[in-house]
Amino acid sequence: MIKPVLVLSLLLFSLPTFLLDFKKDKLVMFASLSNYGCDFDGDKLGDLSIWDPKTSTLYFQLTSDNKFYVKKFFDTELSFQPVFADYDGDHRTDFVFYQPDTGQWISYLTSAPGLPQKTFLGAVNDYPIPISLNGSKKYDIALWRPGVGLWALPVPNSDKPYSLHNQGGASDSAFAADYDGDGKSDLGIWRSETGYWYIDKSSTGYDPNRGESIQHGKDWDVIVPNDYDGDGRCDLVFWRPQDQTWYFLYAANRSTTQVQFGGKNDIPLSCDLTGDGIPELVMWNMSKKSWNILDLKTRQTFSYKWEVPDGSLPANAVLQKFE
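Sequence order as written defines residue numbering, which begins from 1 separately in each chain. Per-residue local features are limited, in this predicted model, to residues with pLDDT of at least 70; the limit for side-chain atom pairs, both in listing and counting, is 80 or more; totals at the level of whole chains, interfaces and linings are taken over all residues. Only heavy atoms go into the side-chain values, all of them from the structure, while hydrogens and water stay out.

Student: Give a description of the sheet that holds strand E18 (residues 236–240) that names residues and reports values.
Tutor: Pairing in this open sheet of four strands is antiparallel, and the strands run E17-E18-E19-E20 from one edge to the other. On the outer flanks of this sheet lie strand E17 (222–223) and strand E20 (256–260), each paired with one strand and no other. DSSP calls a pair of strands paired once it identifies at least 2 bridges connecting them. Counting from the N terminus, the helices are the DSSP runs of H or I reaching at least four residues and the strands are the DSSP runs of E reaching at least two. Summarising the sheet, E17 and E18 pair through two bridges and their orientation is antiparallel. Across the sheet, residue isoleucine 223 finds its bridge partner in E18, namely phenylalanine 238.

Here is the structure:
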């Protein structure tokens, strides 16, 4: 079960820095990162964390010792986006960041403590998305370029640095997750204007002519894909701010369900905080600096308030921006 947390001063998930304006009207989701989880201590329970983009500081709680930590990463005016996932395959989430102005990635791997690893991939307006193409839980860096609808994908077991894949366009949102259940990341596009999801599957060689197009949702919805029934397949799920309702479309049998949870100005995400294999629904309210969590199995709810800096956001929740 979720460990009890008192009124403490630190917290949860962590998220990129280019969104940040809740005064704007429309939330545009470019990629969900909830399905990667945040397990910094490797105990198979989600660790909660918050990213303060103004000071490049991460606030997080480990479930293994129930203690809170504060870690400052950069002393620079450049903004870094957390793109947390397990990049070295040791079952612990690594602190990996992307700098959108320069295309630089900086990786603090748990298997190689010490100086961070640095590499360059990307340009302005690209979006970083972790991806696993070889059937393991080890992720590699990838990019999606919405202006031309192009993915830059790593090539497993090859000297070729990256391959290119055309999918989507400038007004779409992109994500990568295992939809077909073969253990490999599939490439997904969400088109809010029509409410269609387009998925190029690894099991068909990412052939767009053999992909799936599924209508589920509408404009202004916020996508939060993840495996919500524990069958190893990413379900197509969105949250609708208008009625504060989660809409589920399960990958295995196309069955649907709805759960009302959250507030209109919340940020939706999901993470397995209990270790039962089913992600909890998690809402972050930035103005109140509060979390509301719903256990899908027990239907119990938990609420926590955190004293974190203004403008702090959950890190491994979503990549998003406002228009």
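Student: I'd like a description of the pattern of salt bridges, backed by residues and values.
Tutor: Pairing between side chains becomes possible if they bear opposite charge and their charged atoms approach one another. Basic side-chain nitrogens of Lys or Arg form a salt bridge, by our definition, when they fall within 4 Å of a carboxyl oxygen of Asp or Glu. Taken as a whole and assessed by the stated rule, the structure comprises 10 salt bridges. A salt bridge links aspartate 126 to arginine 145, with the nearest nitrogen and oxygen atoms 2.7 Å apart. Taken as a pair, aspartate 126 in the loop between strand E8 (117–120) and strand E9 (127–128) and arginine 145 in strand E10 (residues 143–145) lie far apart in primary sequence, 19 residues in all. Buried means the residue's accessible area, taken with a 1.4 Å probe over protein chains only, is under 20% of the maximum for its type, while exposed means over 50%, and partly exposed covers the values in between. For aspartate 126, a relative accessible area of 3% corresponds to the buried category. We classify arginine 145 as partly exposed; its relative accessible area is 37%. The shortest N-O distance in the salt bridge between arginine 191 and aspartate 172 comes to 2.7 Å. Separated by 19 residues along the polypeptide, arginine 191 in strand E14 (residues 186–191) and aspartate 172 in the loop between strand E12 (162–166) and strand E13 (173–177) bring together distant segments of the chain.

Student: Any chance you could break down the confidence of the model for the protein for me, citing the residues and the numbers?
Tutor: pLDDT is a residue-level measure of predictor confidence that goes from 0 to 100. A residue-level look at the protein finds 88% of positions with pLDDT of 70 or above and a mean pLDDT of 85. Any two residues whose heavy atoms approach within 4.5 Å are treated as being in contact. In this model residues 1–25 is a low-confidence stretch, pLDDT under 50, and it forms 115 contacts with partners more than four residues away in sequence or in other chains.

Student: So what about the packing of aromatic side chains? Which residues, and what values?
Tutor: Aromatic pairing here means that ring centres of Phe, Tyr or Trp (its six-membered ring) are within 6.5 Å. Orientation follows from the plane angle: under 30 degrees is stacked, over 60 is edge-to-face, and everything else is tilted. Within the structure shown, the criterion is met by 30 aromatic pairs. Centre to centre, the rings of tyrosine 196 and tyrosine 198 are 5.9 Å apart; their planes meet at 25°, and the pair counts as stacked. Tyrosine 196 sits in the partly exposed class, given a relative accessible area of 30%. Ring geometry for tyrosine 304 and tryptophan 306: centres 6.3 Å apart, planes at 65°, overall edge-to-face. Residue tyrosine 304 is classed as buried on the basis of its relative accessible area of 10%. Connected via pairs of aromatic rings, a cluster forms that spans Phe40, Trp51, Phe60, Tyr69, Phe73, Phe74, Phe80, Phe84, Phe95, Phe97 and Tyr108.

Student: Quick rundown of the nonpolar core? Include the residues and the values.
Tutor: In globular proteins that are soluble, nonpolar side chains generally tend to be buried together. In this text, buried Ala, Val, Leu, Ile, Met, Phe, Trp, Tyr and Cys residues form a nonpolar core when linked through side-chain atoms within 4.5 Å. Residues Tyr36, Tyr87, Trp105, Ile129, Ile131, Trp151 and Leu153 are the most contacted members of the largest nonpolar core, which totals 26 residues. Looking at which element gives the most residues to this core, the answer is strand E11 (residues 150–154), with three residues. If you look at the next biggest cluster of nonpolar residues, it comprises 18 residues, including Phe68, Trp284, Trp291 and Ile293.

Student: Account for the side chain of glutamine 99, with residues named and values stated.
Tutor: Examined against the element boundaries, glutamine 99 turns out to sit in strand E6 (residues 95–99). A relative accessible area of 0% means that glutamine 99 is categorised as buried. Side-chain atoms alone can form a polar contact between residues adjacent in sequence; in general such a contact is a pair of N or O atoms within 3.5 Å, and within protein one must be able to donate a hydrogen while the other accepts it. Within the structure, the side chain of glutamine 99 is placed 3.0 Å from the backbone nitrogen of aspartate 101, a separation counted as a polar contact. Of note is the side chain of glutamine 99, whose polar atom sits 2.9 Å from the backbone nitrogen of threonine 102. Excluding its chain neighbours within four sequence positions, the residues that come into contact with glutamine 99 are Leu78, Ser79, Phe80 and Gln104.

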